[in-house]
Amino acid sequence: MFDKFSRRHFAKLAGFSALGMAATPAKSEDGDAKPVSDRHASSSFPSGFVWGTATSAYQIEGAVDEDGRGRSIWDTFAHTPGKIGDHSNADRANDHYHRYKEDVRLIKELGAKAYRFSIAWPRVFPEGTGAANPKGLDFYDRLLDELLANGIEPFATLYHWDLPQPLQDRVGGWQSSDTSRAFADYAGYVAERISDRVKNIFTVNEAGRFVNFGYGWGIDAPGLKLPPAELNQVRHHVALGHGLAVQAIRAHGRPGTKVGPAENIAACLPAIDTPANVRAAEIATRELNSGFLGVIHEGKYTDGFLEYAGAAAPKFTAGELKIISSPIDFVGLNIYAPQYYVVASDRAPGFKVLPFPASFPHMSVDWLRIGPETIYWVPRLAAKVWNLDTIYISENGTSAADALAADGSVYDLDRIMYLRNYLAQLQRATSEGVPVRGYFLWSLMDNFEWIYGFEKRFGLYRVDFDTQVRTPKLSASFYRNVIARNAAGA
Ligand code: NOJ
């Protein structure tokens, strides 16, 4: 069919000629089309940059009743009518528990060198505390062996929101510091058994989200709507759990095991790049993240945070602040969208947040606003504010409509557009010396997207949840290219 058209016809159809554009590849100044390798030379990432993909246990594993797994708050929540958009749950999800070998192959086919997955606490300690399930880590042992046999470095996350239900029932989950201590026991137990093979451990994933959504607004598990003082106390207990887990991993893991959080940092950016606005964005980064990343790095809440919280400020001891700020090895930043565009202000604390216009563009979920420069500014500002030397982008990616074309392919050009622009900005950061050491694309494959169920797809591989067939999307080829060249702009 295509052959029937001349080049001129095609250019006309595509509207190129009307716009005066050439339908031929760009030429360099000396008239030759630039060879591919040259075109990408200036967009390279540092050598040794870690390229990976990410998933989490509840979103992909399924097998919720196998090998002694206990219930988590997400089992309960997803089975509560009205909580999940498409009325689904993750009882089966991607059936990854049984298909992990195939899924490791998918990672390998991307050429990715690292994989971030999470361990389900209720598999290991079905009651949250007490006796460990003897079979609790068997699946992860198999997964780790498979990853390592395929030359893929595992990065494990200990808490990706699947709190054992008995802890919620007994002590109110993170409302109690008993949960912080239980988390540390679990962390120490896991570190002792996997740190021979896992060198990097993330403690808590996205405290900022699950505290607010789960305990404040009631739209994530456990579905509570606590008043501000209790919510701040929950956040403090999560930070304490992180700190205690760091100490437990140091005590029980192999020497040299690296540890840090993976946080959906409140993403603050200068609305326009002027020195005063950049300074304002630094102040905003520090103040708006004081409740988790700030207290972890500084060992105290900022005066601004405490003043703003007023009577609702968390109650804490100096000893707890010391534990929370136990030294860490890296920071994971989950970066999807710009959250606060700021400008300088004469009024304390020195920044003003601008409102988003209604027409600001977003991807196929409305919260996922498009702001590629977010992945440049946020690590840069975080590194400056807390003097960081190792940052991982622990998540970045987007959902897309991902319709199956007649030929069975998924031409997810919108996801590629998103990734291309974000990766170019990430490369801008690394080329300026911002210490980002690796990038984990969310997600390896479509999965259970929490309150949206299976309706929102974030994967590089499309999953048919009836047949469990995985199909690479066009973005999988895009990402393979980026990894192979170690360069943005592919
Ligand atoms: C962050 C969460 O960590 C992950 O579980 C979720 O699927 C992605 N964002 C996309 O919303």
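Criteria and thresholds
Residues numbered from 1 in each chain as written. Predicted model: local features only at pLDDT ≥ 70, side-chain atom pairs only at ≥ 80, totals over all residues. Heavy atoms only, no water. Helix = DSSP H or I, 4+ residues; strand = E, 2+ residues; numbered from the N terminus. Rg over C-alpha atoms; globule rule 2.2 N^0.38 Å. Buried < 20%, exposed > 50% of the residue type's maximum accessible area, 1.4 Å probe, protein only. Areas by Shrake-Rupley, 256 points an atom, 1.4 Å probe, with all protein chains shown as cover. Lys, Arg positive; Asp, Glu negative; His and termini not counted. Charge placed at Lys NZ, Arg CZ, Asp CG, Glu CD. pLDDT = per-residue confidence, 0-100. Contact = heavy atoms within 4.5 Å. Near = heavy atom within 4 Å. Polar contact = N/O pair within 3.5 Å; in protein donor to acceptor, adjacent residues only side chain to side chain. Pairing = 2+ DSSP bridges. Axes fitted to C-alpha atoms, helices over the stretch in contact; angles between N-to-C directions. Expected span 1.5 Å × (residues − 1). Arc of directions from axis to C-beta. Salt bridge = Lys/Arg side-chain N within 4 Å of Asp/Glu carboxyl O. Parallel < 35°, antiparallel > 145°, perpendicular 65-115°, else oblique. Left-handed = near helix turned anticlockwise from the far one by under 90°. Nonpolar A, V, L, I, M, F, W, Y, C, P; charged D, E, K, R; others polar.

(A) Representation of the overall build of the chain in the model. Within the chain one finds 18 helices and 13 strands. Radius of gyration (C-alpha) of the chain: 23 Å, near the 23 Å computed for a compact globule of 490 residues. Taken along the three principal axes of its C-alpha coordinates, the chain extends 75 × 60 × 45 Å. Relative to its 490 residues, the chain shows a buried fraction of 57%. Total accessible area on the chain stands at roughly 20,500 Å², and carbon and sulfur atoms take up 53% of it. One finds the centroid of the 52 positive side-chain charges in the chain at a distance of 4 Å from the centroid of its 55 negative side-chain charges.

(B) The confidence of the model for the chain, seen in detail. With 91% of its residues at a pLDDT of 70 or more, the chain shows a mean pLDDT of 93. Low pLDDT (under 50) marks residues 1-38, which in the prediction has 16 contacts with non-local residues, meaning those over four places away or in another chain.

(C) Representation of the site of the ligand in the model. Surveying the vicinity of the ligand reveals 13 residues, the closest of which are Q59, H160, E395, E449 and W450. One of the side-chain nitrogen or oxygen atoms of W442 is found 3.2 Å away from an oxygen atom of the ligand. Within the side chain of W450, one N or O atom sits 2.8 Å away from an oxygen atom of the ligand.

(D) Region of interest: the sheet that holds strand β8 (residues 340-344). Taken in spatial order, the 3 strands line up as β6-β8-β9 in an open sheet, and their pairing is mixed. With one partner strand each, in any of the chains shown, β6 (268-270) and β9 (351-353) form the two edges of the open sheet. Averaged over neighbouring strand pairs, the angle between their axes works out to 40° when direction is ignored. The pairing of β6 with β8 spans 3 bridges and is parallel. Along β8, the bridge assignment pairs C268 with Y340.

(E) Quick peek at the sheet that holds strand β3 (residues 153-159). Pairing within the closed barrel is parallel, and its 8 strands lie in the order β1-β2-β3-β4-β5-β7-β10-β11. Adjacent strand axes in the sheet meet at a mean angle of 25°, parallel and antiparallel pairs treated alike. Strands β1 (50-54), β10 (391-396) and β11 (436-442) of the sheet are contacted by helix α17 (residues 413-431), whose axis makes an angle of about 170° with β11.

(F) Looking closely at helix α7 (residues 138-149). For α7, which comprises 12 residues, the first-to-last C-alpha distance of 17 Å matches the rise-based estimate of 16 Å (1.5 Å per residue) to within 8%. When we look at burial in α7, the residues that qualify are F139, Y140, L143, L144, E146 and L147. Mapping the buried residues of α7 onto a view down its axis gives an arc of 165°, with all of them on the same face. Those residues of α7 that are buried are in contact with α3 (57-60), α5 (96-110), β2 (114-118), α6 (121-124), β3 and α9 (177-194).

(G) Quick peek at the pairing of β3. Of all 7 residues that make up β3, 6 are buried, and the element is covered over most of its length. Two strands pair when backbone bridges link them, and β3 and strand β4 (residues 200-205) are joined in this way by 4 bridges, in the parallel orientation. Following the sheet pairing, Y159 is matched in β4 by V204.

(H) The arrangement of the pattern of salt bridges in detail. The final tally for this structure, using the stated rule, is 23 salt bridges. Of the charged contacts in the structure, one is a salt bridge between D329 and R250, with a shortest N-O distance of 3.0 Å. Of the two residues, D329 is situated in the loop between α15 (318-324) and β7 (331-334) and R250 in helix α11 (residues 228-252); the sequence distance between them amounts to 79 residues. For D329, a relative accessible area of 26% gives the class partly exposed. Classification of R250 as partly exposed rests on a relative accessible area of 39%. A salt bridge links D446 to R457, with the nearest nitrogen and oxygen atoms 2.5 Å apart. With D446 in the loop between β11 and β12 (461-463) and R457 in the loop between β11 and β12, this pair connects stretches of sequence that are 11 residues apart. Accessibility expressed as a relative area gives 0% for D446, which makes it buried. The exposure class of R457 is buried, given its relative accessible area of 13%.

(I) Representation of the environment of V211 in the model. Along the chain, the position of V211 falls in helix α10 (residues 207-216). Taking the C-alpha atoms as reference points, V211 and Y411, 200 residues apart in sequence, are found 36 Å from one another. With near-sequence residues (within four places) excluded, V211 lies in contact with G216, L231, V234, R235 and V238.

(J) Here's a closer look at the side chain of N205. As for its placement among the helices and strands, N205 is situated in strand β4. The exposure class of N205 is buried, given its relative accessible area of 0%. Here R116 takes part through its side chain, which lies 2.8 Å from a polar atom of the side chain of N205. Contact partners of N205, with chain neighbours within four places excluded, come to R116, T157, Y159, H160, W161, F210, A262, N334 and E395.

(K) Fine view of helix α12 (residues 275-288). The end-to-end C-alpha distance of α12, which contains 14 residues, comes to 20 Å, matching closely the 20 Å that a straight helix rising 1.5 Å per residue would cover. Looking only at α12, the buried set comprises N277, V278, A280, A281, E282, I283, A284, T285 and E287. The secondary structure elements touched by the buried residues of α12 are β6, α13 (290-298), α14 (303-309), β8, β9 and α16 (374-386).

(L) Up close: the packing of α17 against helix α18 (residues 474-485). Relative orientation of the contacting elements α17 and α18 amounts to 25°, with a least axis distance of 8 Å. Taken together, the axes of α17 and α18 lie roughly parallel to each other. As α17 packs across α18, the resulting crossing turns out to be right-handed. In this structure, α17 uses L413, R415, I416, L419, R420 and L423 to contact α18, whose residues at the interface are L474, S475, F478 and V482. Per-class residue counts for the contact of α17 with α18 are 7 nonpolar, 1 polar and 2 charged.

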